[in-house]
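# Observations on the model geometry
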Amino acid sequence: MPNQKILYVTTEMFPYQEDSNMAMMVNKMALKMHQEGNDVRVFMPRFGFISERKFQLHEVIRLSGMNIIINDLDQPLIIKVASLPGERLQVYFIDNEEYFKRKQYYQDEENQPFDDNDERAIFFARGVIETIKKLNWVPDIIHFNGWMASFIPIYLKNYYKTDSYFNDTKLVLSVYNEKDLSLGDNITEKLKFDNIENLKALEEPTIQSFVIESMNLVDTIVKGDEFLEEKLDKAFEESKTPKNEYVDGGSISEIY
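Described in the following lines is the structure provided in the data block. Just so you know, these numbers come straight off a predicted model, no measurement behind them. (Residues numbered from 1 in each chain as written. Predicted model: local features only at pLDDT ≥ 70, side-chain atom pairs only at ≥ 80, totals over all residues. Heavy atoms only, no water.)

### Here's the deal with the environment of F210
Looking at the secondary structure, you find F210 in helix α7 (residues 207-215). In the structure, F210 is positioned 61 residues away from A149 in sequence and 9.9 Å away in space, judged by C-alpha atoms. When near neighbours in sequence (up to four residues on either side) are disregarded, F210 contacts S150, F151, I154, L183, I187, L191, L199, A201, L202 and P205. (Helix = DSSP H or I, 4+ residues; strand = E, 2+ residues; numbered from the N terminus. Contact = heavy atoms within 4.5 Å.)

This is the structure:
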């Protein structure tokens, strides 16, 4: 299946993260599709622990400089890029001093969820969409991995619903066992600012509830982990979206 434009949006990818199934899976899928002759790109957050020097990240000035408005606050979007070590495969990093400089993922040193995890996810989702449009690169497939990426289908089907840019793009969501954290009650107001309302996920806003919400907004869903925890597995089985059981990263082209 060569000559396809495939975008992976993820919160984790090897070698930038080394110890998770998601990180390894995204690496395998992206490399496999790249080596088969497809135009593959990856977008992920530039978490503070990712060494810019080690991985040779550099800012893309022509893509940076946009502001993303989150709940009436302007946040500058910085885009950095690197090649996957040893490969000619570009990885784009969504960066912002306020949201991604910290060294931890989603919890502080006392294991409390960050108050702004919801804003970080909104910023990431909007940042990916706006940067893809600025690249003037229309993917045939967008494959979402990780809970922050699950905000993108929600934005595409609501905030961007009158935008035809992604009309012919197929959306794939991989579902992983990620720690379920509360996203706080203020998320309702922040999404309402972008005219996004009446989501079932807002009844009890958590990481998992937004992944479950996005299951019904994509073209197909697939198990990123072979066995999903109970709440995710139930939602996966009950979803009316075409679904696929777990497949090895090297076999992902069967789903595409």
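### Here's the deal with the pairing of strand β10 (residues 220-223)
Neither face of β10 is exposed, since T220 and V222 on one face and I221 and K223 on the opposite face are all buried. As judged from the four bridges shared by strand β9 (residues 170-175) and β10, these two strands associate in the parallel manner. Considered in β10, the bridge of V172 is made with T220. Summarising the sheet, β10 and strand β11 (residues 243-244) pair through two bridges and their orientation is parallel. Note that in β11 the partner of I221 across the bridge is K243. (Buried < 20%, exposed > 50% of the residue type's maximum accessible area, 1.4 Å probe, protein only. Pairing = 2+ DSSP bridges.)

### Observations regarding the pattern of salt bridges
Scanning the model with the defined rule gives 20 salt bridges in all. Here D118 and K190 are joined by a salt bridge, their closest N and O atoms 3.0 Å apart. Highlighted residues: D118 in helix α4 (residues 117-135) and K190 in helix α6 (residues 187-193), separated in sequence by 72 residues. Owing to a relative accessible area of 1%, D118 belongs among the buried residues under this scheme. (Salt bridge = Lys/Arg side-chain N within 4 Å of Asp/Glu carboxyl O.)

### Some details on the sheet that holds β10
On the basis of which strands lie adjacent, the open sheet formed by nine strands has the order β3-β6-β7-β2-β1-β8-β9-β10-β11 and mixed pairing. Across the chains shown, the open sheet's two edge strands, defined by having one partner strand only, are β3 (58-59) and β11. As judged from the five bridges shared by strand β1 (residues 5-10) and strand β2 (residues 39-45), these two strands associate in the parallel manner. Looking across to β2, one finds that V9 is bridged to F43. Strands β1, β2, β6 (78-83) and β7 (90-95) of the sheet are contacted by α4, whose axis makes an angle of about 150° with β2. Most of the contacts of helix α8 (residues 230-238) go to β10, to which it runs at about 145°, and overall it touches β9, β10 and β11. (Axes fitted to C-alpha atoms, helices over the stretch in contact; angles between N-to-C directions.)

That is the geometry; function is a separate question.
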